[in-house]
Amino acid sequence: MPMNGAGRQQSQQFVVLGESLKTGESMDKKGKYETVVGLEVHVQLATKTKVFCSCSTRFGAEPNTQVCPVCLGQPGVLPVLNKEAFMCSLKIAIALGCDIQESMKFDRKNYYYPDLPKNYQISQFDMPLAYAGEVRITLEDGQEKRIGITRAHMEEDAGKLIHDPGGMCSYVDLNRTGTPLLEIVSEPEIRSPEEAHEYLVALKRIIKYLGVSDCNMAEGSLRCDANISLREKGRSKLGSKVEIKNMNSFKAVRDALFYEEERQAEVLDEGGTIKQETRLWDEEKNVTSSMRAKEESHDYRYFPEPDLVPFDISPHLVQKIRDNLPELPAARRERFKKKYNLDWYDVGVLTSEKEIADFFESVTVLTEPRSACNWIKGEIMMHMNERSAGIFELNIEPGYLAKIICMVRDGIISNLAAKDVLRECIERGKDPADIVEQKGLLQVSDKGELELIVDEVITVNEKTVNDLKNGKENALGFLIGQVMRKTKGKANPKLTGEILRKKIKG
Amino acid sequence: MKITLSNITAYKKWLNKENKPLSLAAKDLAAHAAEINKDVRSFIAIDPDVITNRALSLEKQTKRGSLWGVPVALKDNICIKGGLTTCGSRILEGFRPPYNATVATKLQAAGALLMGRANMDEFAFGSSCETSCYGPTRNPRDLSRIPGGSSGGSCAAVAAAQVVAALGSDTGGSVRQPASLCGVVGLKPTYGRVSRFGLVAFASSLDQIGPVTTNVEDCARMLEVISGHDAKDSTSVDINVPEYTASLERDIKDVTIGIPKEYFTCGISKDVSRRVQEAIKALKGLGAKIVDVSLPHTKYAVSCYYIIAPAEASSNLARYEGVHYGRRSAHAEDLIEMYIASRNEGFGAEAKRRILLGTYALSSGYYDAYYLKAQKVRTKIADDFRAVFTACDCILTPTSPTTAFKIGERIDDPLKMYLSDIFTIPANLAGLPAISVPCGEDKSGLPVGLQFMAGPFKEEMLIRVAHAYERSR
Amino acid sequence: MNANNINNNPISTDVVKYVAELSRLSLDEKDTITFQHQLARILEYIAQLNEVDTDSTPPTTHVLPTMKDVFREDVPGGSLSQKEALDAAPDSVRGFFRVPRVI
């Protein structure tokens, strides 16, 4: 999902919705209560194999083809921790500024569900990998806000359960079972649906920069549950909290929180009380509704997983990872500002995704940062949005874009032609130089040839020529347009202008 | 047809003399075991075709290992790829694992002829081999009595000479106690010495697979084969496996044996006490130094164990509910009903009792009082041993307070049954190696067992002392 | 009850029922009473642990302190085929395990 474009559109949409609240009754409600939100994010780590066995973690395989006795929870099997899953988790925790614990262990969380073949989940309870980190977000007014991370712990993913609508059966696919997860729990310091959205965007950006997860919410490699409660402003005691599940995009998280904020305010206004419960977000109806499942007691009977040993995390290892972390979004923003001398808005757009920033830097090796930036935030992002594709999915090498930019700079093709070339490039994956040649888009920059054409235009546009002579500058545009028409857009506009001026004004 | 199954050396001599392909000998072995099984019922099933096929594949082995052709029984909780493995439980009816336990792979690589599934208490919950869904196994020395448990089938099969050796699993004495009651040798290795991969878990922090043999020498041979690091088991320890048979011939003149007074208090039968005292005298005669030691937290071992073991078991057994394998009840409309009906129909009373007890100990509000408390007492018990092993090389105790009791005698009194393991449980809690060797009989002719315990990975010491003692008799 | 001390009162039938529910077992009245008696007796015996002073004793999960830091490398190994995976399942269809509806 191209977060840049879609994300911005969504935030505009939100602003509109927010505006509507500022009138009438809703405004009062909004003013009366403070919203308190905490988010639990599950990130699937991009390892080759599962967390406790050597099955592949590839997404989208035929059901039950990436399973073995271990992840099937067959009698007699034992888990062994994937080192890479541990390292990925550690990288995230360090990048979030967490306190990495000197020692961690795994625990069993016991509950029955058919997507959990052992009927316990291997997780971390009282000795997780890390506590106390933070994510910094930028608020609408430009202020930076720090959202605390309570803890981050490793665990195994469950399988997938498919319900037969209206039927008597459910179907279980265990390919996903045992995929490594890092659960990141925020402090209840988020104060609005918009902040929740920004938190997710910032968190995702950091993780993507680390390259340890795809963070693809549609494929479930990033998932988010939210806890939300309302309290009267000025009070410190938290209200009853409601857990919301089943949100499949950042937008859904915001919409669900927005809905729930309203719903709870209404209940409270009518003198009611909020029931502590789990509610599901219904994407189509745009409402949350109570799970209404039989109230299970949440007695998970955690106890230390005897099949796994404890893990010591040496300060030396933590330091080594910290020293070798890739450049994170905040640092990259600073560097872009300094190195490329761009304004904060442009820097923000370029660093919104690691891939975009990488792409930009590849292009600037061969061309000026300013034009690279303009092309990326203009044409390239338009194509990304059109196709809902990531920048590297556009099928255009950074070198090709650089070539196009250089051709424009050198007057080989016109700006207009360049846009066509880019489209062609993206659609056919061809070298821009070949496209220019095949389509005959080479700009006419031959002075002699252009002078002949200019002479023709001057002859048939006597009135306009006179206008220009009399100082009507916009007449020049018209004349250049006429030259363009005659050359099918291939005339070098700058050169054409110069020749026209010279010939007419002398 | 006379088959010699008294020990590995004698069996190999017999096999050589027979001078026929192993697959043919295997037919005789299967028939012989099946005949005895009619009375003893140590095997859940003996399938001559399966045994013959295994013998045929052993015939193709170019390098003949130390156990080539030796008939070995596996407890029904050790997975063999494609073979039935049911843990003596209805809930695993028809289950054939798609993989081999590490010990099964190792045994087959060493040439052992796997004879089939030895009966056991359901999921190893028991000390009498009576809770199997296939019915009780009988003690070969007195068919009206229990063979001990939970590895009752493994020990009875060796004692009845149906096989030369067997593997059992020992969580609280499940190899040593039945070995003692059947008059054979049983060893529980140090926790982490033998891979648990493919052993259906009862209590993961206590379980170890151990050999059952007729003598200490065979025990050493079996241990050599099954020991060693396994990357598939996080709790398997990566240290060298000594040549255990090499320590057999050493004398014990430099060995100090500790006698913990707590194991000789009430509850121990007169005959057992007498035989053990005689053994102490014999060991003194062999030149060992005997010292009195104290393990003050011994009396808490059973309590500690009956929190930790059921707690872990309640979680380990949660996977049996009829979704992915095993038995599913036909009497259910929805998922939860299906879980409940499958488990109700599939588990026997003792399994249910332990699941309830373990779930209770872990449940909210009780965890600190039970599970956490037990883990702390476990530390105390292990500390006792650490202290004692600075003063002695090994510890001698009876294996079981009594000899084999009658079938049905304790089945309705769980607590009394649990106390059968009072002398064997501490070694599991402390993760220590321990061996039971025969030390005579009571006045009705029932075997008495002697237990030696040593420090972590000191199996060599156990084998040395037990072998010296065995030879002196 | 004091959470840090083993209760000397025998376990109630309600607790037995609650624990059975957590364990996905269902007990009829007769079984509930039998188990309640048996568990009460066992728990009464276990209450002797209260005698042990463990205030400054750490809990033991892994008995050997050397058991630490065991990893495997992130190298794909073999998976089962779909058929093998579903072979032991009481009910499967089109590559899935099938279960009665989840309510």
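Residues numbered from 1 in each chain as written. Chains lettered and ligands numbered in written order. Predicted model: local features only at pLDDT ≥ 70, side-chain atom pairs only at ≥ 80, totals over all residues. Heavy atoms only, no water.

**Q** I tried to follow the overall build of chain A on my own but got confused; where do I start?
**A** Each helix and strand in chain A was counted, giving 17 helices and 17 strands. Based on the C-alpha atoms only, the size of chain A along its principal axes is roughly 95 × 55 × 50 Å. Looking at chain A residue by residue over its 506 residues, the buried ones come to 54%. When the accessible surface of chain A is totalled, it reaches about 22500 Å², and 49% of it is carbon and sulfur. Seen as two clouds, the 72 positive and the 79 negative side-chain charges of chain A have centres 4 Å apart. (Helix = DSSP H or I, 4+ residues; strand = E, 2+ residues; numbered from the N terminus. Buried < 20%, exposed > 50% of the residue type's maximum accessible area, 1.4 Å probe, protein only. Areas by Shrake-Rupley, 256 points an atom, 1.4 Å probe, with all protein chains shown as cover. Lys, Arg positive; Asp, Glu negative; His and termini not counted. Charge placed at Lys NZ, Arg CZ, Asp CG, Glu CD.)

**Q** I would appreciate a short explanation of the overall build of chain C in the present structure.
**A** Across its full length, chain C carries three helices and three strands. Along chain C, from the amino end to the carboxyl end, the secondary structure elements read α-α-β-α-β-β. Split into buried and exposed, the 103 residues of chain C put 42% on the buried side. Across chain C, contacts joining residues at least 24 apart in sequence account for 35% of those joining residues at least 6 apart. For chain C, the computed accessible surface area is about 5600 Å², with 48% contributed by carbon and sulfur atoms. (Contact = heavy atoms within 4.5 Å.)

**Q** What is the right way to read the packing of aromatic side chains from this model?
**A** Two measures describe an aromatic ring pair: the distance that separates the ring centres and the angle between the ring planes. Under the defined criterion, the tally for this structure stands at 30 aromatic pairs over all chains. Ring geometry for Phe52(A) versus Phe106(A): centroids 5.7 Å apart, planes at 85 degrees, classification edge-to-face. Here Phe106(A) lies in the loop between β4 (103-104) and β5 (107-110) and Phe52(A) lies in the loop between β1 (33-44) and β2 (81-82), a separation of 54 residues in the sequence. In this structure, Phe52(A) and Phe106(A) share a single accessibility class: buried. Taking the centre distance of 5.0 Å and the plane angle of 35 degrees together, the rings of Phe123(B) and Tyr320(B) count as tilted. (Phe/Tyr/Trp six-rings, centres within 6.5 Å; stacked < 30°, edge-to-face > 60°.)

**Q** Would you explain the interface of chain A and chain B in this entry?
**A** In many analyses, interface size is given as the accessible surface area lost on bringing the parts together. Contacts between the two partners involve 31 residues from chain A, matched on the other side by 40 residues from chain B. In this assembly, chain A packs against chain B so that about 2800 Å² is buried in total across both faces, 58% of it on carbon and sulfur atoms. Among the salt bridges present, the one from Asp307(A) reaches Arg196(B), with a minimum N-O distance of 3.0 Å. At the surface where chain A touches chain B, the tally comes to 17 residue pairs in polar contact (both at pLDDT 80 or more). Taken together, the elements giving at least two residues each to the side of chain A that touches chain B come down to β5 and β16 (303-304) of chain A. For the side of chain A that touches chain B, the per-class residue count stands at 20 nonpolar, five polar and six charged. (Buried area = accessible area lost by both parts, 1.4 Å probe. Salt bridge = Lys/Arg side-chain N within 4 Å of Asp/Glu carboxyl O. Polar contact = N/O pair within 3.5 Å; in protein donor to acceptor, adjacent residues only side chain to side chain. Nonpolar A, V, L, I, M, F, W, Y, C, P; charged D, E, K, R; others polar.)

**Q** Help me understand the domain arrangement of chain A, please; the structure alone is not making it clear to me.
**A** Domain assignment breaks chain A into domain 1 (3-293), domain 2 (327-438) and domain 3 (447-505). Computed over C-alpha atoms, the centres of domain 2 of chain A and domain 3 of chain A are 32 Å apart. (Domains from an automatic or database assignment.)

**Q** It is not clear to me how the interface of chain C and chain B should be interpreted in this structure. Could you clarify?
**A** Listed by partner, the interface residues are 55 residues for chain C and 68 residues for chain B. Buried area between chain C and chain B, summed over both chains or domains, comes out near 5600 Å², and the portion from carbon and sulfur atoms is 68%. When the area that chain C buries against chain B is broken down by residue, the three leading residues are Arg24(C), Leu25(C) and Val63(C), summing to 12%. Between Asp91(C) and Arg328(B) there is a salt bridge, with the nearest N and O atoms lying 3.9 Å from each other. The interface formed by chain C and chain B includes 19 residue pairs in polar contact (both at pLDDT 80 or more). When residues of the side of chain C that touches chain B are traced back to their parent elements, those giving at least two are α1 (13-22), α2 (29-46) and β3 (96-100) of chain C. When residues in the side of chain C that touches chain B are grouped by element, the largest group, eight residues, is from α2(C). Considering only residue class, the side of chain C that touches chain B consists of 35 nonpolar, 13 polar and seven charged.

**Q** Would you mind going over the pattern of salt bridges with me for this structure?
**A** Opposite charge on two side chains lets them pair, provided their charged atoms get close. Enumeration according to the criterion identifies 70 salt bridges over all chains in this entry. Look at the salt bridges and you will find they share partners, linking Glu327(A), Arg332(A), Arg335(A), Lys354(A), Asp358(A) and Glu361(A) into a network.

**Q** Where do I start with helix α14 (residues 447-460) of chain A in this structure?
**A** A turn of α-helix holds 3.6 residues, and therefore any two residues three or four places apart point the same way. All names here are of chain A. Over its 14 residues, α14 extends 20 Å from the first C-alpha to the last, a length consistent with the 20 Å expected when each residue adds 1.5 Å. Among the residues of α14, Leu450, Ile453, Val454 and Val457 are the ones counted as buried. One side of α14 carries all its buried residues, which in axial view fall inside an arc of 105 degrees. Every exposed residue of α14 that faces more than 90 degrees away from the buried side is listed here: Leu452 and Thr459. Contacts made by the buried residues of α14 are with α16 (474-486) and α17 (493-505). (Expected span 1.5 Å × (residues − 1). Arc of directions from axis to C-beta.)

**Q** What's the story with the confidence of the model for chain A in this structure? I'm lost.
**A** In low-pLDDT regions, the fine details of the predicted coordinates are not to be read closely. All names here are of chain A. Confidence in the prediction of chain A, expressed as mean pLDDT, is 85, and 91% of residues score 70 or more. Looking at the elements of chain A, mean pLDDT is at its lowest for helix α1 (residues 3-21), recorded as 35, and at its highest for β2, recorded as 98. A low-confidence stretch, residues 1-29 (pLDDT under 50), is modelled with 44 contacts involving residues beyond four sequence positions or located in other chains. (pLDDT = per-residue confidence, 0-100.)

**Q** Teacher, can you tell me more about the sheet that holds strand β12 (residues 222-232) of chain A here?
**A** Where strands meet in a sheet, backbone hydrogen bonds hold them as pairs that are either parallel or antiparallel. All names here are of chain A. The nine strands are arranged β3-β7-β8-β11-β1-β12-β13-β14-β15 in an open sheet whose pairing can be described as mixed. Unpaired on one side and paired on the other, β3 (99-100) and β15 (287-290) mark the two borders of the sheet. Contacts from helix α4 (residues 193-210) reach β1, β7 (130-138), β8 (144-156), β11 (180-186) and β12, with the element oriented near 110 degrees to β7. (Pairing = 2+ DSSP bridges. Axes fitted to C-alpha atoms, helices over the stretch in contact; angles between N-to-C directions.)

**Q** Can you help me understand the environment of Pro188(A) in this one?
**A** Residues and elements named next belong to chain A. Among the structural elements, proline 188 can be located in the loop between β11 and α4. Owing to a relative accessible area of 36%, proline 188 belongs among the partly exposed residues under this scheme. Sequence separation between proline 188 and valine 36 is 152 residues; the distance between their C-alpha atoms is 5.9 Å.

**Q** Help me understand unusual backbone geometry, please; the structure alone is not making it clear to me.
**A** The phi angle of most residues is negative, glycine excepted, and most peptide bonds adopt the trans form. The linkage connecting Gly149(B) with the following residue, Ser150(B), adopts the cis geometry, with an omega of 10 degrees. In this structure, Ala132(A) is a non-glycine residue whose phi angle is positive, near 55 degrees. Relative to the assigned elements, Ala132(A) resides in strand β7.

**Q** How should the nonpolar core be read in this particular structure?
**A** Of all hydrophobic cores here, the largest spans 199 residues; its most connected members are Leu107(B), Phe123(B), Phe385(B) and Phe452(B). Counting residues per element, this core draws most heavily on helix α9 (residues 301-316) of chain B, at 10 residues. Each residue touching Phe452(B), except ones within four places of it in the same chain, is listed here: Leu283(B), Cys394(B), Ile395(B), Leu396(B), Pro433(B), Ala434(B), Ile435(B), Val437(B), Leu462(B), Val465(B) and Ala466(B). Of all hydrophobic cores here, the second largest spans 116 residues; its members include Ile206(A), Ile207(A), Leu325(A) and Leu401(A). (Core = buried A, V, L, I, M, F, W, Y, C linked by side-chain atoms within 4.5 Å.)

**Q** Explain the sheet that holds strand β9 (residues 160-163) of chain A here, please?
**A** In spatial order, the strands read β9(A)-β10(A)-β3(C)-β2(C); together these four strands make up an open sheet with antiparallel pairing. In this open sheet, the two edge strands, each paired with only one partner strand, are β9 of chain A together with β2 (92-93) of chain C. As paired strands, strand β10 (residues 169-173) of chain A and β3(C) are joined by four bridges and run antiparallel to one another. When the bridges of β3(C) are listed, Val172(A) appears paired with Phe97(C).

**Q** Looking at this model, I keep getting lost on the pairing of strand β6 (residues 208-213) of chain B. Mind explaining?
**A** Working note: regular strand, side chains alternate between the two faces of the sheet. Residue and element names in this part refer to chain B. Most of β6 is tucked away, with six of its six residues classed as buried. The alternating pattern of β6 places Gln208, Gly210 and Val212 and Ile209, Pro211 and Thr213 on opposite faces, both of which are buried. Relative to β6, strand β4 (residues 165-170) is paired through six bridges, and the arrangement is antiparallel. Counterpart to serine 169 in the pairing with β6 is isoleucine 209. Where strand β5 (residues 185-188) and β6 come together, two bridges link them in antiparallel fashion. Looking at β6, one finds that glycine 186 is bridged to valine 212.

**Q** Just to check I follow, could you spell out the side chain of Gln74(A) for this structure?
**A** Examined against the element boundaries, Gln74(A) turns out to sit in the loop between β1 and β2. Ignoring any residue separated from it by four or fewer positions in sequence, one finds Gln74(A) in contact with Pro69(A), Phe95(B), Pro98(B), Tyr99(B), Arg319(B) and Tyr325(B).

**Q** When you look at the side chain of Asn77(B) in this model, what are you seeing that I'm missing?
**A** Position of Asn77(B) relative to the elements: it lies in the loop between β2 (71-75) and α4 (102-109). When its relative accessible area of 2% is taken as the criterion, Asn77(B) is described as buried.

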